[in-house]
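# Close look at the chain arrangement
Letter by letter, the chains look like this.
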Amino acid sequence: MNKKKIINDPVYGFISIPSELVYDVISHPYFQRLRYIKQLGMTHLVYPGALHTRFHHALGAMHLMSLAVEILRSKGHVITEGEEEAATLAILLHDIGHGPFSHALEHSLVTGIKHEDISAKLMHDLNGHFGGRLTHAIEVFNGTYPKRFLHQLISGQLDLDRMDYLNRDSFFTGVSEGVISFDRIIKMFNVFDEDLVIEEKGIYSIEKFLIARRLMYWQVYLHKTVISGEMILVKLLERAKELSAAGEDLFASPSLKYFLKNDINEANFFTQHENLEHFTNLDDQDIYAAVKVWVNHPDKILSKLCQMLTSRNLYKVEMSNERAPKDRVNFLIDATVNLLEIKPEEARYFVFTDAIQNRAYNAGVGNIKILMKNNDIVDIAKASDLSNLESLQKTVEKYILCYPRGI
């Protein structure tokens, strides 16, 4: 069987699957599951085109890795075929630990577990399945492989993961502010002392990349209607879990039922293989099928939250630089109790506050290093003559207040 397939990608054109091992990993059920997990969770409630998947994104990031390796080789850096395959597999599998609706599940069904840790565990499982042929890929993914730049291509301030999702998300949402010169940035890649650096000529492309990232966060990822949809999903899963814990037998697929009935957290997630088996059975479809059925559930809270989501009658969200005053929150709680005819302690599902952060560049973690013409290495924040690059390092925190419409 010919395993060197080409895939037609709407963002980059034709993408090649470079080796038989990569083809076999893509064909594995763990990876195929990503076809059924949307890249942007609830963003399609605002941007109807945002229906692309984690599967799309992983293949796109894999394609960018092949471009990056080609450029670095052309500049005289030795990257063996084995190292290229390891880096390709590491970027391909970097998101394999994502659950349904991406981040919403991390806050409700499984608590305190990062998708990166699940990705690492699934990679170890796959390594066993493929007879140890993913060992180097795991080292690259973890950052323990001697050539640090290979890890930095996967996880850093200017990694190929970010480069693909900014490009892809702006393509599918139609938000042009996210468009970046990915090909120009990759052409400016170089290696100095085993670290990934950007040649001085690429400074302006990096500035645009960082600004695009900030704009995409406010316009897409942290759009208040997107937050509203995700919050409803988190709250309804919380309620479903609470009902299950009280002995209620809710309609759910077997794997979803497992997470509703059991308290799975960071301490016990990796101790039983059964947890991982159920997790890899879950995708967006399990959650949404349950939501459609729970609309008619006798529990008023659960059915109301599910109705709000399925009819897109989402929370009203107020976003500001200050926390909402206590008396305003209390007024909304009282109004919600009257409007929905629920108990005061149940109002927490409908009225609550939270904080969101946006930081385009974190200078302390994996800095973007610029290789100047005189061979000096300078941080992008110092090398750039863009005064607002300093401000991109600051974490902007905003406070949100959610409550039902109609109050």
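Our structure is the block above this text.
Reference entry: report on the structure contained in this document. Predicted, not measured: the structure shown is a model, and the values here were computed from it.

## Here's the deal with the overall build of the chain
Per the secondary structure count, the chain includes 19 helices and 11 strands. A globule of 407 residues ought to have a C-alpha radius of gyration of about 22 Å, and the chain, at 23 Å, matches this closely. Taken along its principal axes, the extent of the C-alpha atoms in the chain is 70 × 55 × 35 Å. For the chain, with 407 residues in total, the buried portion stands at 55%. In the chain, of all internal contacts separated by at least 6 residues, the share reaching a separation of at least 24 is 71%. About 17,800 Å² of surface is accessible on the chain, with carbon and sulfur atoms providing 51% of the total. The centroid of the 45 positive side-chain charges in the chain is displaced by 4 Å from the centroid of its 52 negative side-chain charges.

## Notes on the nonpolar core
Judged by nonpolar contacts, the single largest core of 137 residues is most densely connected at Met163, Phe189, Leu236 and Trp294. At 11 residues, the largest contribution of residues to this core is made by helix 3 (residues 54-74). Here Met163 is in contact with Leu64, Leu158, Ile180, Phe182, Ile185, Ile186, Phe189 and Phe209, once residues within four sequence places are set aside.

## Points about a nonpolar patch on the surface
Taken together, the side chains of Phe331, Leu339 and Ile407 define a hydrophobic patch exposed on the protein surface, amounting to about 280 Å² of accessible area. Its place among the elements puts Phe331 in helix 17 (residues 326-340).

## Points about the sheet that holds strand 9 (residues 369-371)
Reading across the sheet, the 4 strands line up as 4-5-9-10 and stay open at both edges, with mixed pairing between neighbours. Where the open sheet ends on each side, the last strands, each with one partner, are strand 4 (189-192) and strand 10 (377-379). Looking at each pair of strands side by side, their axes are set apart by 50° on average, direction ignored. Sheet analysis places strand 4 next to strand 5 (residues 195-199), joined by 4 bridges and oriented antiparallel. When the sheet's bridge partners are listed, Phe192 is paired in strand 5 with Asp195.

## Thoughts on unusual backbone geometry
With glycine set apart, most residues show a phi of negative sign, and most peptide bonds adopt trans. With phi around 65°, Glu194 is a residue other than glycine that occupies positive phi space. Its place among the elements puts Glu194 in the loop between strand 4 and strand 5. By relative accessible area, Glu194 is classed as partly exposed at 34%. Even without being a glycine, Glu341 presents a positive backbone phi close to 55°. By secondary structure assignment, the location of Glu341 is in the loop between helix 17 and strand 8 (352-358).

## Notes on the environment of Pro344
Structurally, Pro344 is set in the loop between helix 17 and strand 8. Distance from Pro344 to Thr135, taken between C-alpha atoms, is 54 Å for residues 209 residues apart in sequence.

## Here we look at the sheet that holds strand 11 (residues 396-403)
Within the open sheet, the 3 strands sit side by side as 7-11-8. Their pairing is antiparallel. The sheet is open, and its two edges are formed by strand 7 (316-320) and strand 8, each paired on a single side. Pairwise comparison of adjacent strand axes, ignoring direction, gives a mean angle of 25° for this sheet. Across 7 bridges, the pairing between strand 8 and strand 11 is antiparallel. When the bridges of strand 11 are listed, Asp354 appears paired with Ile400. Most of the contacts of helix 17 go to strand 11, to which it runs at about 30°, and overall it touches strand 7, strand 8 and strand 11.

## Points about the pattern of salt bridges
Inspection of every chain in the model, using the stated rule, returns 20 salt bridges. The salt bridge involving Arg328 is made with Glu318; its shortest N-O contact spans 2.5 Å. Separated by 10 residues along the polypeptide, Arg328 in helix 17 and Glu318 in strand 7 bring together distant segments of the chain. Overlapping salt bridges bring together Arg239, Glu242, Asp299, Glu346 and Arg348 as one network.

## A look at the packing of aromatic side chains
By the definition in use, this model includes 10 aromatic pairs. On the numbers, 4.9 Å between centres and 80° between planes, the contact of Phe269 with Phe270 is edge-to-face. The class for Phe269 is buried, based on a relative accessible area of 1%. Here the aromatic rings of Phe269 and Phe279 are separated by 5.9 Å at their centres, their planes lie at 85°, and the arrangement is edge-to-face. Taken together, the residues Phe269 in helix 13 (residues 266-269) and Phe279 in helix 14 (residues 273-279) connect sequence positions 10 residues apart. Of the residues examined, Phe279 reaches a relative accessible area of 1% and is grouped as buried. Linked through ring pairs, Tyr258, Phe259, Phe269, Phe270 and Phe279 together constitute an aromatic cluster. The cationic tip of Arg35 hangs over the ring face of Phe55; the distance from NZ or CZ to the ring centre is 4.0 Å. For Lys235, the ring lying beneath its charged end belongs to Phe352, and the centroid distance is 4.4 Å.

Cut-offs used in this document
Residues numbered from 1 in each chain as written. Predicted model: local features only at pLDDT ≥ 70, side-chain atom pairs only at ≥ 80, totals over all residues. Heavy atoms only, no water. Helix = DSSP H or I, 4+ residues; strand = E, 2+ residues; numbered from the N terminus. Rg over C-alpha atoms; globule rule 2.2 N^0.38 Å. Buried < 20%, exposed > 50% of the residue type's maximum accessible area, 1.4 Å probe, protein only. Contact = heavy atoms within 4.5 Å. Areas by Shrake-Rupley, 256 points an atom, 1.4 Å probe, with all protein chains shown as cover. Lys, Arg positive; Asp, Glu negative; His and termini not counted. Charge placed at Lys NZ, Arg CZ, Asp CG, Glu CD. Core = buried A, V, L, I, M, F, W, Y, C linked by side-chain atoms within 4.5 Å. Patch = residues over 30% accessible without salt bridge, like charges linked within 9 Å, V, L, I, M, F, W, Y side chains within 5 Å. Salt bridge = Lys/Arg side-chain N within 4 Å of Asp/Glu carboxyl O. Pairing = 2+ DSSP bridges. Axes fitted to C-alpha atoms, helices over the stretch in contact; angles between N-to-C directions. Phe/Tyr/Trp six-rings, centres within 6.5 Å; stacked < 30°, edge-to-face > 60°. Lys NZ or Arg CZ within 6 Å of the ring centre and 35° of its normal.

Purely spatial values, then, with no claim about function.
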